[in-house]
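# Fold and geometry: a report
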Amino acid sequence: MPLGERGGWERTESRYCGVETDFSNDVTHLLNFNISTGGFDYVLAPMVDPSYRPSLVEGNGVDTQVLPVCGSDLVLSPSQWSSHVVGKISSWIDLDSEDEVLRMDSETTLKQEIAWATHLSLQACLLPTPKGKSCANYARCVNQILQGLTTLQLWLRVPLMKSEGDSMDDTSEGLNDSWELWNSFRLLCEHDSKLSVALDVLSALPSETSLGRWMGESVRAAILSTDAFLTNARGYPCLSKRHQKLIAGFFDHAAQVVISGKPVHNLQKPLDSSTEGTEKNPLRIYLDYVAYLFQKMESLPEQERIELGYRDFLQAPLQPLMDNLEAQTYETFERDSVKYIQYQRAVEKALVDRVPDEKASELTTVLMVVGAGRGPLVRASLQAAEETDRKLKVYAVEKNPNAVVTLHNLVKMEGWEDVVTIISCDMRFWNAPEQADILVSELLGSFGDNELSPECLDGAQRFLKPDGISIPSSYTSFIQPVTASKLYNDVKAHKDLAHFETAYVVKLHSVAKLAPSQSVFTFTHPNLSTKVNNQRYKKLQFNLPSDAGSALVHGFAGYFDSVLYKDVHLGIEPTTATPNMFSWFPIFFPLRKPVEVHPDTPLEVHFWRCCGSSKVWYEWSVSSPTPSPMHNTNGRSYWVGL
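Residues numbered from 1 in each chain as written. Predicted model: local features only at pLDDT ≥ 70, side-chain atom pairs only at ≥ 80, totals over all residues. Heavy atoms only, no water.

### Examining the nonpolar core
In terms of nonpolar packing, the biggest core is built from 97 residues, with Ile471, Phe556 and Phe607 touching the most fellow members. Sort the elements by how many residues they give to this core and strand β21 (residues 551-565) lands first, with eight residues. A domain-level breakdown of this core finds at least three residues from each of domain 2 (327-442) and domain 3 (474-641). If near-sequence neighbours (up to four positions away) are discounted, Phe607 is found in contact with Phe447, Ile479, Val520, Phe521, Arg536, Tyr537, Lys538, Phe556, Phe589, Glu619 and Trp620. (Core = buried A, V, L, I, M, F, W, Y, C linked by side-chain atoms within 4.5 Å. Buried < 20%, exposed > 50% of the residue type's maximum accessible area, 1.4 Å probe, protein only. Helix = DSSP H or I, 4+ residues; strand = E, 2+ residues; numbered from the N terminus. Domains from an automatic or database assignment. Contact = heavy atoms within 4.5 Å.)

### Quick look at the pattern of salt bridges
Under the definition given, this model contains 30 salt bridges. Each member of the salt-bridge network shares a partner with another, and the members are Asp252, Glu304, Glu307, Arg311 and Lys507. (Salt bridge = Lys/Arg side-chain N within 4 Å of Asp/Glu carboxyl O.)

### Section: the UniProt feature "binding site: S-adenosyl-L-methionine" (unreviewed entry) in the chain
In this structure's numbering, the residues bearing the UniProt feature "binding site: S-adenosyl-L-methionine" (unreviewed entry) are Tyr330, Lys339, Tyr340, Glu398, Asp426 and Met427. Across 98 residues of sequence, these annotated residues are also dispersed in space, with a maximum C-alpha separation of 23.8 Å. Of the residues annotated just before, the largest pocket has Tyr330, Lys339, Tyr340, Glu398, Asp426 and Met427 among its lining. Tracing the sequence through the fold places Tyr340 in helix α11 (residues 337-354). Among the residues examined, Tyr340 registers a relative accessible area of 9% and is labelled buried. Non-local contacts of Tyr340, meaning those with residues more than four positions away in its chain, are made with Phe333, Glu334, Pro376, Leu377, Ala380 and Glu442. Looking at the secondary structure, you find Glu398 in strand β12 (residues 391-398). We classify Glu398 as buried; its relative accessible area is 7%. Excluding its chain neighbours within four sequence positions, the residues that come into contact with Glu398 are Tyr330, Gly371, Ala372, Gly373, Ala403, Val404, Leu407, Ile423, Ser424 and Cys425. (UniProt positions renumbered as here; feature names shortened; annotations may be inferred. 1 Å grid on protein atoms, 1.4 Å probe; cavity = no way out; pocket = protein on both sides within 12 Å on 5 of 7 lines; lining within 4 Å.)

Spelled out as structure tokens, the structure:
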């Protein structure tokens, strides 16, 4: 029975909760007790008798051996096996043991159990935690298995721990940071797109910063030990505030909770007439508490629900200079009222600065909207003039002939014929009849300059009076290193270099932001430089927080912040982002080879904005702690058309 339905959350996998069980020969009873009676959605159960060892089986040969499984495939329907059982690979296996018999038994058993799980059409199997510091042979065998899998997913069990002095006891031999274990294992698996991690959530937790790393990893399940629960005043199980926050984070990232362990809260619920005589599942009280946590999560805002399908979905940036946008794209952007309110505020301030109150009835301000689209900036500018009681003359310059049709209809419908002049032309080739007091544009991209705003506005600067005002007046791009295993695997799946040398627009969700963002390139308008050169280079150095632990950098998230005019800002940089604005998603610059970073070693990054005669492109690389190849979008540029 799913944990509940909350606005938007009912569409995520996190609403299903499992329970870890012991081996049982009667799998039908196992499901009845834990699903029908217990209320869980599935069982995480061993498929083979834990006493089984291939080397101890007597017979005339391997072909005569019968695997001591939990039950015939006929005891459940295929849909029941698929929906209600996650297989648990035997926990005793040790594929890196120095004992050759144990090592060979482990390899044989692993392959047998995966083959049985595939036969049953299970959706997933849980691999046991690697034993010892070395897991090379284990990872080799798993990598071989992954190559032959089509639908079966493998979850590697990893204890959620990191030794941090007073905040964590190291309870696993030789293991200081379980992320290191996970990282070394998955890096050895070339075919890791079907490999996820299942984290054992224990009573003690690492620091918040350390936990944050996991939000960018492919965490499929949180195995929540009953020992992690506290007891409330009524004697019922509950979790600490930190555990609650962690579980809520897993819910938000589509990870499922699995209850594990023996009951430590012996509460007996009164029987009702419908369940009298039925054996009670003692772990039901833990399920009820997890359901309570799920149900108390805030409903997603309407805009977030609309954007659910865009989470971690790679998109090519728009190319409005080269391509004509479609009506649906215009409509999406025009719904962003917050953005146009900010533009209106900026125009109001510019009009007041341009024309003093005593001359408001005498002077007419010339305002040019370059890249007018279907008219939202024209409307915002006219509303600003009305609010400030200033006279305005507007030129609406737009190169898309389809949008110009809409502009003409809008001007006629609103009665703006005496105020608005429509120019159907590329701003770069238009000869203006007069110069403007204010130049307004909406050419910013997710990275600020990636839709060629600098080139366009430098070209349009000839329209502006020497003391004229540009809105926006400046904008700055930012980047920050991120762990983003899903995005990386999606790029990697294309199996070519071109996709690793492409910058993507992404609604970032399953990412871990490893360090605060830093500024990259800044452009100011009007550009007062005597020689216009929009090529840029920036070297940046990032440091992980001291308590974060090591992490894997899959790429860089890019943002922008702009000053429209004076104190009116617009942007998506996380620390200064304009609230409730959705016109821009961040941009993602992937790395061909992820870079492992440590808190005591800076991450040194290089970014270039390069300009040719007909295109603009980016280049980026890492020089420390491990050099990466140079990434170059030249030849695959999204910003062609100068």
